[in-house]
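Chain residues, written in single-letter form:
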Amino acid sequence: MSVSPQDLIRPEVLAMAGYHVPSAAGLVKLDAMENPYPLPPELQRALAERLAAVAINRYPAPSYTRLKALVREKLGVPAGAEVLLGNGSDELITMMSVATAKPGATVVAPAPSFVMYDLSTRLAGATYVPVPLAADLSLDLPAMLAAIERHRPALVWLAYPNNPTGNCFARADVEAILAVAPGLVVLDEAYQPFALDSWMDALPAHDNLVVMRTVSKLGLAGIRIGYMAAAPRWIAEFDKVRPPYNVSVLDEAAAEFALEHLDVLLAQAARLREDRGHLAAALAALPGVAVFPSRANFLLVRVPDSTAVAAGMRERGVLIKDVGRMHPLLAGCLRLTVGTPDENAAMLDALRGALAARAGR
Ligand code: PMP
């Protein structure tokens with residue numbers, strides 16, 4: 001008997017493109033919002049020693065007590081809220097999507113936003129309802145409220161700051177959504193170290209609020225750790241769909257080590273915030289480039305032809321993300337990660353070169 005994927009695989013999966021990650025071999029990598037700074041050499045050595053002592057012959061203790069305590073203490077989870085760890089916040093998105101996907105369930109999020117909300121919703125078998133942002137990339141609050149009223153979503157996803165637009169939505173708009181949403185409202189604060197604004201302190205006031213964060217953008221994208229904080233009764237349910245050993249002992253030990261040295265990572269984030277300002281000013285000075293305000297470690301810019309410019313930058317050795325075809329509101333847009341000063345200079349050169357080549361000079 002021969003069976004084909006068309007016979008076996010769910011139509012939603014057959015229809016999916018998957019999450020494409022382009023190769024960055026030999027390129028300046030400014031496409032994925034990574035922190036460009038490694039740990040200082042003395043901390044690298046201390047980390048190596050710490051990891052060498054980890055019992056990799058044992059399964060992780062699935063309560064992750066010490067790491068959760070460090071997250072609470074160092075990253076400001078309020079008393080009364082419970083914490084759940086994920087293998088990156090990607091896995092937390094999957095867990096919340098799966099746990100809430102009752103037959104007929106819907107999920108509302110602004111568009112454009114982080115693509116995994118859409119992908120995870122569809123994989124879980126629920127219906128994704130994207131609500132376009134306003135032309136200035138703020139929330140279209142009347143449209144969001146109307147969609148919430150009409151679809152009664154189990155989840156509302158709000159990335160704060162939003163990816164790929166880089167802005168934080170108005171707090172009053174978020175409050176209005178929290179007030180009417182019949183389900184959970186997840187504030188995804190992946191870029192919080194660069195925004196210095198958060199909904200964590202609002203947790204005690206809102207039983208339907210979930211705050212999700214990750215250590216990825218802080219400089220630990222390679223160890224897959226995300227966390228969410230919410231009222232204990234929600235965390236208890238989501239914990240049931242968590243694979244029991246979802247965070248490896250090596251990730252756990254590395255994250256504990258990094259949180260013990262959080263000051264180093266926060267100093268790197270401060271540096272990136274400062275350089276974001278310099279980079280934005282330099283980009284805005286280029287003819288034909290419009291820069292959107294950013295609270296994240298990346299900048300959204302509009303250029304005459306994002307596909308040609310991205311290809312031209314790649315030819316010049318710099319990998320950035322062309323988001324121009326992701327959504328009509330992003331036509332002509334590139335997403336540029338803030339890197340080291342040298343990387344930023346290389347990016348500016350490549351952009352200048354690509355723009356000039358396109359203009360036929
Ligand atoms: N949320 C947002 C808004 C993101 O942009 C990203 C990554 N690009 C993530 C979550 C996922 O982060 P991670 O899985 O690395 O924790």
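The shown structure was predicted, so the numbers you read here are calculated from the model rather than taken from an experiment. (Residues numbered from 1 in each chain as written. Predicted model: local features only at pLDDT ≥ 70, side-chain atom pairs only at ≥ 80, totals over all residues. Heavy atoms only, no water.)

## Section: the overall build of the protein
- In terms of helices and strands, the protein carries 15 helices and 13 strands.
- Its C-alpha atoms give the protein a radius of gyration of 21 Å, near enough to 21 Å, the size a compact globule of 361 residues would have.
- C-alpha extents for the protein along the principal axes are approximately 60 × 60 × 55 Å.
- A burial count over the protein gives 52% of its 361 residues as buried.
- A separation of at least 24 residues holds for 72% of the contacts in the protein among residues at least 6 apart in sequence.
- Carbon and sulfur atoms form 57% of the exposed surface of the protein, whose accessible area is close to 16100 Å².
- Here the protein carries 33 positive and 36 negative side-chain charges, and the mean point of each set is 2 Å from the other. (Helix = DSSP H or I, 4+ residues; strand = E, 2+ residues; numbered from the N terminus. Rg over C-alpha atoms; globule rule 2.2 N^0.38 Å. Buried < 20%, exposed > 50% of the residue type's maximum accessible area, 1.4 Å probe, protein only. Contact = heavy atoms within 4.5 Å. Areas by Shrake-Rupley, 256 points an atom, 1.4 Å probe, with all protein chains shown as cover. Lys, Arg positive; Asp, Glu negative; His and termini not counted. Charge placed at Lys NZ, Arg CZ, Asp CG, Glu CD.)

## Remarks on the site of the ligand
- Taken together, the neighbourhood of the ligand is formed by 14 residues, with S89, D188, Y191, T214 and S216 sitting nearest.
- Within the contact set of the ligand, an oxygen atom lies 2.8 Å away from a side-chain nitrogen or oxygen of N163.
- Between the ligand and K217, the relevant distance is 3.0 Å, taken from a nitrogen atom to a side-chain nitrogen or oxygen of the residue.
- With the chains in place, 94% of the 400 Å² that the ligand exposes on its own is no longer accessible. (Near = heavy atom within 4 Å. Polar contact = N/O pair within 3.5 Å; in protein donor to acceptor, adjacent residues only side chain to side chain.)

## Here we look at the domain arrangement of the protein
- Along its sequence, the protein is carved into domain 1 (5-40 + 263-359) and domain 2 (56-261).
- Using only C-alpha atoms to locate each centre, domain 1 and domain 2 end up separated by 23 Å.
- A buried area of about 2800 Å², summed over both sides, lies between domain 1 and domain 2, and 68% of it is on carbon and sulfur atoms.
- A per-residue breakdown of the area domain 1 buries against domain 2 is headed by L265, R295 and L329, which together make up 23% of the total.
- Connecting domain 1 to domain 2 are 0 salt bridges.
- On inspection of domain 1 and its partner domain 2, the count reaches 9 residue pairs in polar contact (both at pLDDT 80 or more).
- For the side of domain 1 that touches domain 2, the secondary-structure elements that each account for two or more residues are α2 (11-14), α13 (262-284) and β10 (298-302).
- A per-class count over the side of domain 1 that touches domain 2 returns 20 nonpolar, 5 polar and 8 charged. (Domains from an automatic or database assignment. Buried area = accessible area lost by both parts, 1.4 Å probe. Salt bridge = Lys/Arg side-chain N within 4 Å of Asp/Glu carboxyl O. Nonpolar A, V, L, I, M, F, W, Y, C, P; charged D, E, K, R; others polar.)

## Focus on the environment of A32
- Here A32 lies in the loop between β1 (28-29) and α3 (41-52).
- Sequence separation between A32 and K217 is 185 residues, and the spatial gap between their C-alpha atoms is 9.2 Å.
- Filtering out sequence-adjacent residues up to four positions away, A32 remains in contact with K217, R335 and T337.

## Quick look at the sheet that holds strand β7 (residues 209-214)
- Taken in spatial order, the 7 strands of this open sheet run β2-β8-β7-β6-β5-β3-β4, and their pairing is mixed. Strands with a single pairing partner mark the edges of an open sheet, and in this sheet they are β2 (82-86) and β4 (127-132). Here the average twist between neighbouring strands, direction ignored, is 25°.
- With 6 bridges connecting them, strand β3 (residues 106-111) and β4 associate as parallel partners. Across the sheet, the residue bridging to V107 is Y128, located in β4. (Pairing = 2+ DSSP bridges. Axes fitted to C-alpha atoms, helices over the stretch in contact; angles between N-to-C directions.)

## Describing the nonpolar core
- Judged by nonpolar contacts, the single largest core of 60 residues is most densely connected at V71, L158, I177 and W199.
- Beyond its immediate sequence surroundings of up to four residues, I177 is in contact with L139, L141, M144, L145, I148, V156, L158 and V185.
- One finds V301, V309, L336 and L355 within the second-largest nonpolar core, a separate group that totals 31 residues. (Core = buried A, V, L, I, M, F, W, Y, C linked by side-chain atoms within 4.5 Å.)

## Focus: a nonpolar patch on the surface
- Taken together, V3, L8, I9, V13, L14 and L123 make up a surface patch of nonpolar side chains, about 500 Å² in accessible area.
- Following the sequence through the fold, I9 ends up in the loop between α1 (5-8) and α2.
- On the basis of relative accessibility, which here comes to 35%, the residue I9 falls in the partly exposed class. (Patch = residues over 30% accessible without salt bridge, like charges linked within 9 Å, V, L, I, M, F, W, Y side chains within 5 Å.)

## Describing the pairing of β2
- With 4 of 5 residues buried, β2 is to be regarded as a mostly interior element.
- Pairing geometry for β2 and strand β8 (residues 226-230), over 5 bridges, is antiparallel. Bridged to E82 within β8 is A230.

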